[in-house]
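# Architecture and fold: a report
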2 protein chains.
Amino acid sequence: MLRDDVKNTIQRYSMIKSGDTVIAAVSGGADSVALLHVLYSLQGELSFSLAACHVNHNLRGAESDGDEMFVRRMCRMMDIPLYVANIKVNDFRQKHDSLEECARRLRYGFFEDIGKNKLIATAHTASDNCETILINMVRGTALSGICGIPAKRDNIIRPLLYSTREDVERYCRENELDFVTDSTNLSDDYTRNKIRHKIVPLLREMNPALYGAMSRLSDAASLDDSYLDGVAAQLMQKAGCGDGKYDVNQLCDADECILRRIVTMLFKQNDIPVSMSAVDSCVKIIRNKQGKINPCQFKFVQIRKKKLFVVTDYEKYRRNQCDGFLKSV
Amino acid sequence: MLRDDVKNTIQRYSMIKSGDTVIAAVSGGADSVALLHVLYSLQGELSFSLAACHVNHNLRGAESDGDEMFVRRMCRMMDIPLYVANIKVNDFRQKHDSLEECARRLRYGFFEDIGKNKLIATAHTASDNCETILINMVRGTALSGICGIPAKRDNIIRPLLYSTREDVERYCRENELDFVTDSTNLSDDYTRNKIRHKIVPLLREMNPALYGAMSRLSDAASLDDSYLDGVAAQLMQKAGCGDGKYDVNQLCDADECILRRIVTMLFKQNDIPVSMSAVDSCVKIIRNKQGKINPCQFKFVQIRKKKLFVVTDYEKYRRNQCDGFLKSV
């Protein structure tokens, strides 16, 4: 049944074309072992080549190396080419970076390196998706957070996204597959563990079909969100003056939800952290066709001569960097 | 502080204009007693007239009558005109109607009767809104369910929607206000009680500012949802042929999220129950510009000569009604 579900998902979302090369990201946990096994059994039928990759994050000493050995052995036995990245996550950790966030960043960097002209398949399930949506909700989000984990984005595909963790576990039992404890379940991820082990079981008592309901919500929200992003991008392009400036006369009458999206895009393009209050302030100056806000250190969003643009106070920025350097000497 | 919050909410959402008459819906519980008290203290400043209404649902015998007496006494003491509806909810209950749903329908019918050219203020709080969104999610919803409780719809306003149940309780303590156990908390509402007493406390351990986060999500979702509904309504009108039929050539290339909304609107206009699978089937025949579906007994949605319309099989419907009548004799 998992095999059929995965095949349906691949076809419904046009994830794989005949002749593609798919690299399955395999941690060695039940989800990714099942993913590799299902893709292995589908490669003839759907005419794609299969490879695997593994990231050793070096976060759990000998256990991490054991996982790597496990994946190496499995791929050798199945005669599947394997890419391995050995990353000391702690060496790359930046300020304000959670361990999970840093590991994720490095992992997707590796996927980008090896995934040129290839597809990367990750083992995210409907259970992960449900948890992600709830986590985003609890932490605070707009529609984008309700979209959850995308089934397909650039060259990343997620064939297990409409199957649950139970489906995966049953598949592993039925096919007598060995697996290790999933090394991506970093123990410091307090919120996800609480959602997974406390909240979700209670919600499933109320609706045993919770995962399906959340998948449908996430699908509907994704359609809505990408439509609205499209409308916003179009208007932003139309208002663009070509020099990083935007004609406020074209923006000031836009619907609130479109204008909020345009401001969010402007912030992201300029590495300004997106907070609801900063977005609201920026929407306000656009509606007024004048004003200036300071959404983060060294950066200003301002309107002059009916044009909206972002300014960085490089002088102050350099002074601060220099101060930082002097202090660290 | 509750008074300031309520005043801000009223002004931000332009809920009340000078000269308006506001009827507060008062069950006698803490939320509605606080609402009445705050509105009473704001009526001079915001220049509106205040009245109250109470619905005795007759669901808890003497206790229901006690609540009614409590509200009557309070309004007499405050010299506030009071409308009372005495409804035997159980007499009005229809097939497939939950007790809560039926009470709600009757209550809002009463609001409509007394609310002509007046505003009805209900005492829904940010806590209710958060619970409602979670309930909708668990039961299965699209974006519309994430919008939660609207701050304003037609002549219904909800001045407490950005204040929490704790804010209300503090206000009642500080102002030494008496209240009864809220009679709208029908005991058969299993899901809401579970969400309120088990889920929300766990989520608030993860984020103490949960209610604020959910209010912002609900605001953002409402803006998105009403924008998308507007786009859909516009296209539907454009495709309308004036005889309840729609030109499929105008609809078939619409974005998925817009087309789903159009189908949902068509279903609602024709009293067809909205389910995701029926909506999906209908979207499919529109994309194919041909076909016929049977989303519920006696009703068909079909496309003929490139026009989409709903047909009711009246012959079969009458026969069935008649059978039902004969059986009930």
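These figures come from a predicted structure and were not determined experimentally.

What counts as what
Residues numbered from 1 in each chain as written. Chains lettered and ligands numbered in written order. Predicted model: local features only at pLDDT ≥ 70, side-chain atom pairs only at ≥ 80, totals over all residues. Heavy atoms only, no water. Helix = DSSP H or I, 4+ residues; strand = E, 2+ residues; numbered from the N terminus. Areas by Shrake-Rupley, 256 points an atom, 1.4 Å probe, with all protein chains shown as cover. Lys, Arg positive; Asp, Glu negative; His and termini not counted. Charge placed at Lys NZ, Arg CZ, Asp CG, Glu CD. Disulfide = S-S within 2.5 Å. Patch = residues over 30% accessible without salt bridge, like charges linked within 9 Å, V, L, I, M, F, W, Y side chains within 5 Å. Salt bridge = Lys/Arg side-chain N within 4 Å of Asp/Glu carboxyl O. Buried < 20%, exposed > 50% of the residue type's maximum accessible area, 1.4 Å probe, protein only. Contact = heavy atoms within 4.5 Å. Buried area = accessible area lost by both parts, 1.4 Å probe. Polar contact = N/O pair within 3.5 Å; in protein donor to acceptor, adjacent residues only side chain to side chain. Pairing = 2+ DSSP bridges. Axes fitted to C-alpha atoms, helices over the stretch in contact; angles between N-to-C directions. Phe/Tyr/Trp six-rings, centres within 6.5 Å; stacked < 30°, edge-to-face > 60°. Least-squares fit on C-alpha atoms with pLDDT ≥ 70 in both. Arc of directions from axis to C-beta.

### Topic: the overall build of chain A
Scanning chain A from N- to C-terminus turns up 14 helices and 10 strands. Taken as a whole, chain A presents about 16600 Å² of accessible surface, with 48% of it coming from carbon and sulfur. A distance of 7 Å separates the average location of the 47 positive side-chain charges in chain A from that of its 43 negative side-chain charges.

### A short note on the state of the cysteines
Working definition of a disulfide: a covalent bond connecting the sulfur atoms of two cysteines. One pass over the full model with this rule turns up zero disulfides over all chains. No disulfide involves C53 of chain B; its nearest neighbouring cysteine sulfur is the one of C75 of chain B, lying 9.3 Å away.

### A word on a positive patch on the surface
Residue and element names in this part refer to chain A. On the surface, K292, R304, K305 and K307 cluster together to form a positively charged patch. Within the element layout of this structure, K292 appears in strand β8 (residues 291–296). We classify K292 as exposed; its relative accessible area is 53%.

### Considering unusual backbone geometry
Residue and element names in this part refer to chain A. A positive phi angle, near 60°, is found at N117, a position not held by glycine. Position of N117 among the secondary structure elements: in the loop between α5 (99–114) and β4 (119–121). For N117, a relative accessible area of 82% puts it in the exposed group.

### Regarding the interface of chain B and chain A
Reports of interface size often rely on the accessible area that becomes lost once the parts have come together. Opposite the 39 residues of chain B that make contact, chain A presents 39 residues. Of the roughly 3300 Å² buried between chain B and chain A on both sides combined, carbon and sulfur atoms contribute 77%. Area buried by chain B at its contact with chain A is led by M137, M206 and Y227 of chain B, which between them contribute 20% of it. Where chain B touches chain A, the interface holds four salt bridges. When the shortest N-O distance is used, the salt bridge between E205 of chain A and K194 of chain B registers 2.4 Å. Joining chain B to chain A, the criterion identifies six residue pairs in polar contact (both at pLDDT 80 or more).

### Considering the sheet that holds strand β3 (residues 82–86) of chain A
Within a sheet, neighbouring strands are paired by backbone hydrogen bonds and run either parallel or antiparallel to one another. Residue and element names in this part refer to chain A. With mixed pairing, the six strands of this open sheet are ordered in space as β3-β2-β1-β4-β6-β5. Of all strands in the sheet, those bounded by a partner on one side alone are β3 and β5 (152–153). The pairing of β5 with strand β6 (residues 156–157) spans two bridges and is classified as antiparallel. Note that in β6 the partner of R153 across the bridge is I156. Packed onto the sheet, helix α2 (residues 30–46) meets β1 (21–25), β2 (49–56) and β4 and runs at close to 165° relative to β2.

### Side note on the pattern of salt bridges
Within the structure shown, the criterion is met by 40 salt bridges over all chains. A salt bridge links D167 of chain A to R170 of chain A; the shortest N-O distance between them is 3.7 Å. In this pair, D167 of chain A and R170 of chain A both sit in helix α8 (residues 165–174), three residues apart, roughly one turn of the helix. Across the pair D128 of chain B and R165 of chain B runs a salt bridge whose closest N-O atoms are separated by 3.0 Å. Pair noted here: D128 of chain B is in helix α6 (residues 126–139) and R165 of chain B is in helix α8 (residues 165–174), with a separation of 37 residues, a long-range link. Exposure class is identical for D128 of chain B and R165 of chain B. Each is buried.

### Looking at the packing of aromatic side chains
Here the structure, examined in full by the defined rule, presents six aromatic pairs over all chains. Aromatic side chains Y13 of chain B and Y162 of chain B sit 5.3 Å apart centroid to centroid with 10° between the ring planes, which places their arrangement in the stacked category. Of this pair, Y13 of chain B sits in the loop between α1 (2–12) and β1 (21–25) while Y162 of chain B sits in the loop between β6 (156–157) and α8, and the two are 149 residues apart along the sequence. Ring geometry for F110 of chain B against F111 of chain B: centres 6.4 Å apart, planes inclined by 40°, an arrangement best described as tilted. Exposure remark for F111 of chain B: the relative accessible area of 4% places this residue in the buried category. By way of ring pairs, the aromatic residues Y108, F110 and F111 of chain A are connected into one cluster.

### Here we look at the relation of the copies chain B and chain A
Here chain B sits on chain A after a turn of 180° about the axis and a move of 0.0 Å along it, with an RMSD of 0.0 Å. Read as a symmetry element, the transformation amounts to a two-fold axis. Within chain B, the C-alpha atom positioned nearest to the axis of rotation is that of I199 of chain B, 3.2 Å from it. When the interface residues of chain B are mapped onto chain A, 100% of them again lie at the interface, so the same face is used by both copies.

### Quick word on the sheet that holds β8 of chain A
Residue and element names in this part refer to chain A. An order of β7-β10-β9-β8 is seen for the four strands of this open sheet, with the pairing classed as antiparallel. Whereas interior strands pair on both sides, the edge strands pair on one side only; in this sheet they are β7 (246–247) and β8. The sheet contact formed by β8 and strand β9 (residues 299–304) spans four bridges and is antiparallel. Considered in β9, the bridge of C296 is made with K299.

### Things to note about the environment of N129 of chain A
All names here are of chain A. For N129, the position within the fold is in helix α6 (residues 126–139). Sequence-wise, N129 and G148 are 19 residues apart; in three dimensions their C-alpha atoms are separated by 5.7 Å. Dropping the residues within four chain positions of it, N129 is found in contact with C147, G148, I149, L161, S215 and S218. Only 2.8 Å separates the side chain of N129 from the backbone nitrogen of I149, close enough to count as a polar contact.

### Some points on α8 of chain A
Residues and elements named next belong to chain A. The complete set of buried residues in α8 reads R165, D167, V168, Y171 and C172. One side of α8 carries all its buried residues, which in axial view fall inside an arc of 160°. Exposed positions of α8 whose direction lies more than 90 degrees from the buried face are R173 and E174. Check the buried side of α8 and you find it contacts α1 (2–12), α2, α6 and α9 (190–206).

### Section: the pairing of strand β10 (residues 307–312) of chain A
Residue and element names in this part refer to chain A. Bridge analysis of β7 against β10 gives two bridges, and the strand direction is antiparallel. The partner of D247 across the bridge, within β10, is K307. Bridge analysis of β9 against β10 gives six bridges, and the strand direction is antiparallel. Looking across to β10, one finds that V301 is bridged to V310. Where β9 hands over to β10, the hairpin turn is made up of two residues, of which K305 adopts a positive phi near 50°.

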